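As a plain string of letters, each chain reads:
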Amino acid sequence: MTMLYHGLEARGAVWARIFADRLPHLPFRRWGHDRVDPAEVRYLAAWNAPADFISQFPNLEVLFSVGAGIDQLPIAALPPQIRIVRMVERGIITGMAEYVAMACLALHRDLPFFISEQRAGRWTYRHTRLASETRVGIMGLGELGKASLEMLKPLGFVLSGWSRSAHDIDGVTCFAGEEGFDAFLAQADIFVCLLPLTDSTRGILCHETFEKMPRGSAVVNAGRGGHLVAADLISALDSGRLRAAMIDGTDPEPLPEGHPFYSHPSIFLTPHVAAETRHGTAGEVLADNVQRLLAGDALLGEVDRSLGY
Ligand code: GLV
């Protein structure tokens with residue numbers, strides 16, 4: 001029985017030490033570094049290993065994503081008995097909450113406008129507002145959405161959230177399901193997408209959605225590139241329907257040279273850095289999860305394959 005790791009070498013070195021310490025009887029092997037008997041591999045930890053790589057391991061039981069998302073893995077091609085587990089770890093969660101707070105403050109305080117005025121050599125006064133006058137709506141109320149709301153609360157923003165299922169979060173107006181979507185869209189000024197990418201959320205940030213937001217809203221895509229219809233965003237910004245956007249996930253990644261997101265004056269672009277898996281904390285979570293697995297306990301972050309997250 002072997003745990004195989006496929007990914008960044010530096011992370012593999014840290015995880016090998018954690019596993020040697022916490023699970024000395026479970027061989028931890030690093031792809032490209034250690035000798036591996038494919039028939040022995042029961043557990044695989046990977047970020048985006050392709051299907052033809054994964055199919056080499058006939059006895060695979062559990063695929064652990066190195067990241068919070070699983071859409072980068074070839075889920076549809078995996079036999080149904082293979083369990084899939086998301087990475088739920090403090091480093092990713094805190095990193096995302098920081099990014100969301102930064103994005104909301106930057107958009108709330110009109111940073112894209114002030115930066116373009118500065119670049120144009122203009123001293124342009126524009127009235128500012130307090131956070132208590134700005135409404136932030138979070139799309140997706142999983143670990144990342146909830147932590148982001150907690151980070152935003154002390155700043156004073158008026159908070160709401162929307163997700164597939166109903167939630168009750170102190171100080172947050174919650175909306176749920178398709179039936180709650182339009183009402184949610186009508187009542188915020190900055191919208192932050194933290195949804196998992198599934199068949200039902202692909203392209204959710206599109207013309208139709210932007211039309212239902214108050215005119216002059218801003219959008220943050222800290223989810224995946226597949227959530228956003230790029231051409232619809234550009235036309236919503238150009239027409240003034242949206243005021244600005246901050247984008248971390250794009251499709252494709254990396255974004256090709258010359259893509260309008262690089263130069264649009266109302267877009268802030270970051271290269272998929274909103275939340276990074278931290279070697280130490282994530283290694284401990286993976287080891288905890290393998291211990292749970294061996295004890296027959298429920299796993300943290302196990303994916304419901306029928307929902308896709
Ligand atoms: C990063 O995008 C992740 O899924 O952790």
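Up top you'll find the structure we're talking about.
Residues numbered from 1 in each chain as written. Predicted model: local features only at pLDDT ≥ 70, side-chain atom pairs only at ≥ 80, totals over all residues. Heavy atoms only, no water.

1. Points about the state of the cysteines
Spelled out, the test is: Any pair of cysteine sulfurs within 2.5 Å is marked as a disulfide. Using a 1.4 Å probe on the protein chains alone, a residue whose accessible area is under 20% of its type maximum counts as buried, one over 50% counts as exposed, and one in between counts as partly exposed.
Across all of its chains, the model carries 0 disulfides by this definition. Cys 104 provides the cysteine sulfur closest to Cys 174, a residue in no disulfide bond, and the two sulfurs are 16 Å apart. Cys 174 sits in the partly exposed class, given a relative accessible area of 25%. Residue Cys 193 stays outside any disulfide, its sulfur separated by 11 Å from that of Cys 206, the closest cysteine.

2. Quick word on the packing of aromatic side chains
The condition is simple: Here the aromatic set is Phe, Tyr and Trp, taking the six-membered ring for Trp, and pairing holds for ring centres within 6.5 Å; pairs whose planes are under 30 degrees apart are stacked, those over 60 apart are edge-to-face, and all others are tilted. Helix numbers and strand numbers start at the N terminus; a helix is a DSSP run of H or I with at least 4 residues, a strand a run of E with at least 2.
Per the stated rule, a full pass over the model turns up 11 aromatic pairs. Here the aromatic rings of Tyr 5 and Trp 15 are separated by 5.2 Å at their centres, their planes lie at 65°, and the arrangement is edge-to-face. You can see Tyr 5 sitting in strand β1 (residues 2-6) and its partner Trp 15 sitting in helix α1 (residues 9-22), a full 10 residues away along the chain. Tyr 5 gets classed as buried once you look at its relative accessible area, which sits at 2%. Aromatic pair Trp 162 and Phe 181: ring centres 4.5 Å apart, planes at 45°, arrangement tilted.

3. Notes on the site of the ligand
Let me state the cut-off plainly: Here a residue is considered near a molecule or strand provided that any single heavy atom belonging to it is located within 4 Å of it. Identification of polar contacts relies on pairs of N or O atoms within 3.5 Å, with a donor-acceptor requirement for protein atoms, meaning one able to donate a hydrogen and the other able to accept it, and with residues adjacent in sequence counted only if both atoms are side-chain atoms. In these tables, accessible area is a Shrake-Rupley quantity obtained with a 1.4 Å probe, and a residue counts as shielded only by the protein chains included in the view. Here the term charged refers only to Asp, Glu, Lys and Arg, the term nonpolar to Ala, Val, Leu, Ile, Met, Phe, Trp, Tyr, Cys and Pro, and the term polar to all other amino acids, Gly among them.
If you check the shell around the ligand, you find Trp 47, Gly 67, Ala 68, Gly 69, Ile 92, Arg 224 and His 272 and nothing else. Backbone polar atom of Ala 68 to an oxygen atom of the ligand: 2.6 Å apart, as the coordinates give it. Here Gly 69 contributes a backbone N or O atom positioned 2.8 Å from an oxygen atom of the ligand. Burial of the ligand by the surrounding chains reaches 88%, relative to a free accessible area of 200 Å². Class assignment for the residues of the shell around the ligand results in 3 nonpolar, 3 polar and 1 charged.

4. Some details on the pairing of β1
Here is the rule we go by: Pairing between strands is defined by DSSP: at least two bridges between the two strands are required. The crossover handedness rule: strands pointing away from the viewer, path from first strand over the helix to second strand clockwise, crossover right-handed.
Counting buried positions along β1 yields 4 of 5 residues, so the element is predominantly enclosed. Pairing analysis gives 5 bridges linking β1 to strand β3 (residues 41-46), with the strands arranged parallel. Paired with Thr 2 across the strands is Val 41, a residue of β3. Relative to strand β2 (residues 28-30), β1 runs parallel, the two sharing 3 bridges. Paired with Tyr 5 across the two strands is Arg 30, which belongs to β2. Note on the crossover from β1 through α1 to β2: the handedness is right-handed.

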